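Here are the chains, one letter per residue:
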Amino acid sequence: MLVTFDKNSKTFNLSNNNISYVFFVNKEGMLIKQYFGRKINDIYTYNYDLLNNIHDDFYCYYNTKENKEYSYGEKPYISGEGSLFEVPTYLSFDKREPLVIINHKDNSSITDFRYFDYKIFKGKTIFENMPYIRANDCECETLEIILKDIKDDIYLHMFYTIFKNKDVIVRHNKIVNKSGYNIKIERANSLNLDLLSMNYKLISIHGIYATDREIEEQDIFHNNIEIKTIDGAKTFYHNPMAMIKEKKANDEYGEAIGFGLVYSGNFKFSFNGTKLDQLRCSIGINDENFEYILNNDEVFETPEAIIIYSYKGTDFVTNTFHNLIRENLLRLVPVSNEKIILLNSWEATHFNFNTEKVMNFISSAKNMGVNLFVLDDGWFGKRDNDLCSLGDWSVNIEKINLKKVIEYAHSIGVKFGLWFEPEMISYDSNLYKNHPEFALFDKTINPTLWRHQLVLDMTSKEVRDYIFNELTDVLDNYDIDYVKWDFNRSLCDIYSESLKKENQKEIYHRFTLGTYDLLNRFIKRYPNILLETCSAGGGRFDMGMLFYSPQIWASDETDGIQRTYIQYSTNMFYPLRTIGAHVSARKYLSIKEKASIAMFGTFGYEMDPTKLNEEDLKEVAISNERYLNNIDLIKNGDYYSLLNPYEGRFVSWMCISKDKKNAVIFLFNYRHINWTSRFLKIKGLVPNKKYLNSLDNTICYGDYLMNVGVNYSIGMQAFTPILFNLVMLDD
Ligand code: DGJ
């Protein structure tokens, strides 16, 4: 049993072998958190007073109207400043961040939900219209708690799923309106986690075009740190993943808690250090410019949020995210299990190609060992530059004989992929001429063009139907194995003609749901097409997208050195098999060197294959062989960061098979200082097993390699990646 309810103390206990999440219902029907952390067995003697007597100067009285006053010091009292709440209220006694805000029929936004009922069931819930964590009934159990609003017949269903073999809690909430009136939801967070201490550091990811993800660490003080986006359907400038770690914790030691949201729209993570030195963590849809009208009998569901607990430092959180995403989120297609080496045309040709050039590309790509060729932007409408044609998804037959090139590719054993940007419309397009109302912007003002284009109104079913038909016209008629689904701008001039004026603040969320609807239709109709999403590089790299596309193009920055930072940061939360990484013709490193970085992702090339000389082809052959030899470790192994590039002049990471028999290690030196005593400590090996090091053929025990390390003091060259394997020897 993973979830239990103790009727006497009204305590809910979610525990697996490692973690416990415990809260109880107090006399007022509020859910008070008792504990979250490493598993403790005797939860019932760990009672409420032990927690709350620390701040009894801050008590509140309740229900004075019914003459149920409690005098000072008498129980039960709660503290708006310091009690740990599962459902923090709004405009009431708790001045910290609320979970949900409901604007009632009398225009009051006082929001206070109290306990009503509960259910416990095996497995977990799924969504029709949003991405979610997939799990079968043997993997997890779910607690559904139902609360009722103190003013009206409005119900809050809170779902907590705990996994048996993963230290993960999945949370989401559902608001059900039975009040007989329309209500306005002004905030609908997915989770609230109150912690007894604020003695943490926060690790989050920020980014921008070509520097797509950079991790950043900051102290938590007595304020509210918000990590959020307001770009609509992009997770570029901040990413919906974060981690807090005790100040004394590191990658292998101490408490760390991971947070994630399975959502690609505007989100907000807030970390609120309180007066009493506690921490409130709130995760959910960004409530800025958000208001959702919920009619009577309607239901609003929040996206799923993830909490991961570790008492073994940040590496454990990283690997739990990797395992969860790999095993419970990704939708693998048959091609995902093949050993794919991809070549994408973009950096080599941009819009400048014809049938002959593409045929030559494909045959040279085959010669390089490539087995998936992707024709990027430029094959449709009259798109010879980025000024036009988005929305006109018909093949430009004067430019490219698509049937011929696909048939040719398939005849020589190369799969074929095509680029789309379905949610966009060019000003200069037939679609805009015929349906200007399909574009999302306020028609009373001049629209903001971004990369010369507008965004389609994805809130409208009519628009989605139209664009889906356009896509199927191509995909039903051409034998396509892979689709790259791009998204190159943010949402601006937020106004939809398809929504009533009172629903305009629903646009951001409805747009995100619209995108999910289109993706859902796509994967149902084409279950075997390998989908890679993209957004001006890696601008929409999140768990929401990974539900549909098992890989995401990580960045338009393909310079290997810059990539080490982007990949290191991405690796912290996302499994390597999801990270689109290609070798390009950028100048700083050799092909082989760039490949030693790109191989820690969905490996491929982004260069003109017809221009490679014999020397290059030799490097390509070595690179392909290395990738294929290590593909299983990279796709399915455990990941450890060894040296953090933000903290020194080196970066290093490794992947190790689950049975710990094989490991591949990457190391890169950013500076020209060679004479230095350096030992790289390896992680995750079996201490009393011997390992053969492919770098110098030395044999060492695992404990030696983990505690002393691999000696790379001499022979360490600047800007030269080092790649080596450790193989466990039989006894
Ligand atoms: C942005 C992507 O990140 C690139 O890889 C490429 O597909 C271009 N868009 C095409 O317009």
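Residues numbered from 1 in each chain as written. Predicted model: local features only at pLDDT ≥ 70, side-chain atom pairs only at ≥ 80, totals over all residues. Heavy atoms only, no water.

**A look at the overall build of the chain**
Argument step 1. Counting its secondary structure elements, the chain contains 13 helices and 40 strands.
Argument step 2. Here the chain has a C-alpha radius of gyration of 27 Å; the compact-globule value for 731 residues is 27 Å, and the two agree.
Argument step 3. Taken over the C-alpha atoms alone, the chain extends approximately 90 × 70 × 45 Å along its principal axes.
Argument step 4. The burial tally for the chain puts 63% of its 731 residues in the buried class.
Argument step 5. For the chain, the proportion of contacts with a sequence separation of at least 24, taken over those separated by at least 6, is 69%.
Argument step 6. Accessible area for the chain stands at about 27,600 Å²; split by element, carbon and sulfur atoms hold 48% of it. (Helix = DSSP H or I, 4+ residues; strand = E, 2+ residues; numbered from the N terminus. Rg over C-alpha atoms; globule rule 2.2 N^0.38 Å. Buried < 20%, exposed > 50% of the residue type's maximum accessible area, 1.4 Å probe, protein only. Contact = heavy atoms within 4.5 Å. Areas by Shrake-Rupley, 256 points an atom, 1.4 Å probe, with all protein chains shown as cover.)

**Quick notes on the nonpolar core**
Argument step 1. Counting residues in each nonpolar core, the largest one holds 189 residues, and the members touching the most others are Ile244, Phe271, Trp379, Phe416 and Tyr605.
Argument step 2. The leading source of residues in this core is helix H8 (residues 507–525), at nine residues.
Argument step 3. Judged by nonpolar contacts, the second largest core, of 21 residues, contains Tyr640, Ile656, Leu685 and Met716. (Core = buried A, V, L, I, M, F, W, Y, C linked by side-chain atoms within 4.5 Å.)

**Concerning the pairing of strand E33 (residues 638–643)**
Argument step 1. Along E33, five of the six residues are buried, which leaves the element largely enclosed by surrounding structure.
Argument step 2. Two strands pair when backbone bridges link them, and E33 and strand E34 (residues 650–656) are joined in this way by five bridges, in the antiparallel orientation. Paired with Leu643 across the bridge in E34 is Ser652.
Argument step 3. Hairpin connection of E33 to E34: six residues between the antiparallel strands. (Pairing = 2+ DSSP bridges.)

**Some details on the site of the ligand**
Argument step 1. The immediate surroundings of the ligand are formed by 13 residues, with Asp376, Asp377, Asp486, Gly537 and Asp556 found nearest.
Argument step 2. Here Trp419 contributes a side-chain N or O atom positioned 3.1 Å from an oxygen atom of the ligand.
Argument step 3. The protein chains hide 98% of the 290 Å² of surface that the ligand would expose on its own. (Near = heavy atom within 4 Å. Polar contact = N/O pair within 3.5 Å; in protein donor to acceptor, adjacent residues only side chain to side chain.)

**Here's the deal with the sheet that holds strand E38 (residues 699–701)**
Argument step 1. Pairing within the open sheet is antiparallel, and its six strands lie in the order E33-E34-E35-E40-E37-E38. A single partner strand is all that each edge strand has here, and the edge strands are E33 and E38. Neighbouring strand axes in the sheet, compared pairwise and without regard to direction, differ in orientation by 25° on average.
Argument step 2. Where helix H12 (residues 614–636) meets the sheet, it contacts E33, E34, strand E35 (662–669) and strand E40 (722–728), and its direction lies at approximately 100° from that of E35. (Axes fitted to C-alpha atoms, helices over the stretch in contact; angles between N-to-C directions.)

**A closer look at the sheet that holds strand E31 (residues 579–584)**
Argument step 1. On the basis of which strands lie adjacent, the closed barrel formed by eight strands has the order E23-E24-E25-E28-E29-E30-E31-E32 and parallel pairing. Neighbouring strand axes in the sheet, compared pairwise and without regard to direction, differ in orientation by 30° on average.
Argument step 2. Strands strand E23 (342–344), strand E24 (372–375), strand E25 (415–420) and strand E32 (602–606) of the sheet are contacted by helix H4 (residues 355–368), whose axis makes an angle of about 150° with E24.
Argument step 3. Set on the sheet, helix H7 (residues 461–475) makes contact with E25 and strand E28 (482–485); between it and E25 the angle comes to about 155°.

**Observations concerning the pattern of salt bridges**
Pairing between side chains becomes possible if they bear opposite charge and their charged atoms approach one another.
Argument step 1. Within the structure shown, the criterion is met by 47 salt bridges.
Argument step 2. Notably, a salt bridge pairs Asp465 with Lys461, separated by 2.9 Å at the nearest N-O pair. You can see Asp465 and its partner Lys461 sitting in helix H7, four residues apart, about one turn around the helix.
Argument step 3. A cluster of three or more residues bridged by salt bridges with shared partners is formed by Glu97, Arg187, Glu226, Lys228, Lys268, Asp287 and Glu288. (Salt bridge = Lys/Arg side-chain N within 4 Å of Asp/Glu carboxyl O.)

**Focus: the packing of aromatic side chains**
Argument step 1. All chains considered together, the criterion is met by 47 aromatic pairs.
Argument step 2. Centre to centre, the rings of Tyr132 and Phe547 are 4.8 Å apart; their planes meet at 50°, and the pair counts as tilted. Separated by 415 residues along the polypeptide, Tyr132 in the loop between strand E8 (113–122) and strand E9 (140–149) and Phe547 in the loop between helix H9 (543–546) and strand E30 (551–553) bring together distant segments of the chain.
Argument step 3. Taking relative accessible area as the criterion, Tyr132 reaches 13% and is therefore assigned buried.
Argument step 4. Residues Phe373 and Phe416 carry aromatic rings whose centres are separated by 5.9 Å and whose planes lie at 45° to one another, so their mutual orientation is tilted. Residue Phe373 is found in strand E24, and its partner Phe416 is found in strand E25; the two are separated by 43 residues along the sequence.
Argument step 5. Since its relative accessible area comes to 0%, Phe416 is described here as buried.
Argument step 6. Members of the aromatic cluster, joined through ring pairs, are Phe5, Phe12, Tyr21, Phe23, Phe36, Tyr115, Tyr118, Tyr160 and Tyr309.
Argument step 7. For the cation-ring pair, Arg38 lies above Tyr311, with the distance from its terminal atom to the ring centre recorded as 3.7 Å.
Argument step 8. The positively charged end of Arg134 is found above the aromatic ring belonging to Phe547, 3.8 Å away from the centroid. (Phe/Tyr/Trp six-rings, centres within 6.5 Å; stacked < 30°, edge-to-face > 60°. Lys NZ or Arg CZ within 6 Å of the ring centre and 35° of its normal.)

**What to know about the pairing of strand E18 (residues 267–273)**
Both faces of the sheet carry side chains from a regular strand, because those side chains alternate between them.
Argument step 1. Among the seven residues in E18, seven count as buried, and that is most of the element.
Argument step 2. In E18, alternate side chains face the same way, and those of Phe267, Phe269, Phe271 and Gly273 on one face and Lys268, Ser270 and Asn272 on the other are all buried.
Argument step 3. Taken together, the five bridges between strand E15 (residues 224–228) and E18 define a ladder with antiparallel strand orientation. Bridging from a neighbouring strand, Glu226 pairs with Ser270 of E18.
Argument step 4. For E18 and strand E19 (residues 279–285), the ladder comprises seven bridges, and the chain directions are antiparallel.

**Description of the packing of H4 against helix H5 (residues 402–411)**
Argument step 1. Remark: H4 packs on H5, axes separated minimally by 10 Å, with the N-to-C direction vectors making an angle of 10°. Taken as axis vectors, H4 and H5 run roughly parallel relative to one another. Along this stretch, H4 crosses H5, giving a crossing that reads as right-handed. Every residue of H5 that contacts H4 at Thr355, Val358, Met359, Ile362 and Ser363 is listed here: Lys404, Val405, Tyr408 and Ala409.
Argument step 2. For the contact of H4 with H5, the per-class residue count stands at six nonpolar, two polar and one charged. (Parallel < 35°, antiparallel > 145°, perpendicular 65-115°, else oblique. Left-handed = near helix turned anticlockwise from the far one by under 90°. Nonpolar A, V, L, I, M, F, W, Y, C, P; charged D, E, K, R; others polar.)

**With respect to unusual backbone geometry**
Argument step 1. A positive phi angle is found at Asn107, which is not glycine, with a value near 75°.
Argument step 2. For Asn107, the position within the fold is in the loop between strand E7 (100–103) and E8.
Argument step 3. On the basis of relative accessible area, Asn107 is assigned to the exposed category, the value being 57%.
Argument step 4. One non-glycine residue, Lys660, lies in positive phi territory at about 65°.
Argument step 5. Checked against the element boundaries, Lys660 lands in the loop between E34 and E35.

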